[in-house]
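# Structure at a glance
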Amino acid sequence: MNNTQKNSKVKDLITIGIFNALLIVVFGAIACTIGFFPPILIVLPLILSTIGGLIFMLMITKAPMRGIFIISSALLGLVLFNMAPGGSMFITTLAGGIIGEIIYNLLGRKKFISIALGYASYMLGLALGEYYPFIYMQEEYIELYAKKGSQSLPVAQKCIEIMTPELMIILSILTIITSVLGCLWGRKMLHKHFLKAGIA
């Protein structure tokens, strides 16, 4: 690898780091302002996947390097590590990012559909990381938030009451849809960037 390639890779990594920091700040701001209401917390992945689509689409036009989905999902997953028992949000978010990276590479890195489906996989991992503990790790979830104290415990308890396996499936499908819509919104807003990047 020559110096030009090294500099390009470093530049891409810095770009990915900056955009992921922005994504995490935006996600955190939304979660902290409206996420304390159980019904909204339940649909939070739908909101995040739509808004995050704009940021992610700009990032991928600026730094379309291999591993972008894995890096992004790992960074977000680490931030969410203690939000659910056993680091489940980290595990599922990272898994979604890995699958998203595979989709991105298999379907073609210059195709919009590969980016949209890769991003949808990434956001689905995030969604499942939130929903799965509400159904299958209820005692651990309550124990985790009881230790934290604060007003989060009643919210968690209400979400556990609301969530069912059927609702999780519906919300997961909706997360995929909103992720693709978020990417479409991003492509529309960033049309000139896509033309420059040569993404069809």
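This text goes with the structure placed above it.
Keep in mind it's a predicted model, so treat the numbers as computed, not measured.

## Details of the packing of helix α4 (residues 68-79) against helix α6 (residues 112-136)
Interhelical geometry of α4 versus α6 gives an angle of 20 degrees and a closest axis separation of 11 Å. In terms of orientation, α4 and α6 fall into the roughly parallel class. As for the relative orientation of α4 and α6, their crossing is right-handed in sense. Counting all contacts with α4, which are made through Phe 69, Ser 72, Ser 73 and Leu 76, the residues of α6 involved are Ile 115, Gly 118, Tyr 119, Tyr 122 and Leu 126. The class makeup of the residues in the contact of α4 with α6 is 6 nonpolar, 3 polar and no charged.

## Here's the deal with the environment of Gly 86
One can find Gly 86 in the loop between α4 and α5 (88-107). Gly 86 sits in the exposed class, given a relative accessible area of 67%. The spatial distance from the C-alpha of Gly 86 to the C-alpha of Tyr 141 is 9.4 Å, given a sequence separation of 55 residues.

How each quantity is defined
Residues numbered from 1 in each chain as written. Predicted model: local features only at pLDDT ≥ 70, side-chain atom pairs only at ≥ 80, totals over all residues. Heavy atoms only, no water. Axes fitted to C-alpha atoms, helices over the stretch in contact; angles between N-to-C directions. Helix = DSSP H or I, 4+ residues; strand = E, 2+ residues; numbered from the N terminus. Parallel < 35°, antiparallel > 145°, perpendicular 65-115°, else oblique. Left-handed = near helix turned anticlockwise from the far one by under 90°. Contact = heavy atoms within 4.5 Å. Nonpolar A, V, L, I, M, F, W, Y, C, P; charged D, E, K, R; others polar. Buried < 20%, exposed > 50% of the residue type's maximum accessible area, 1.4 Å probe, protein only.

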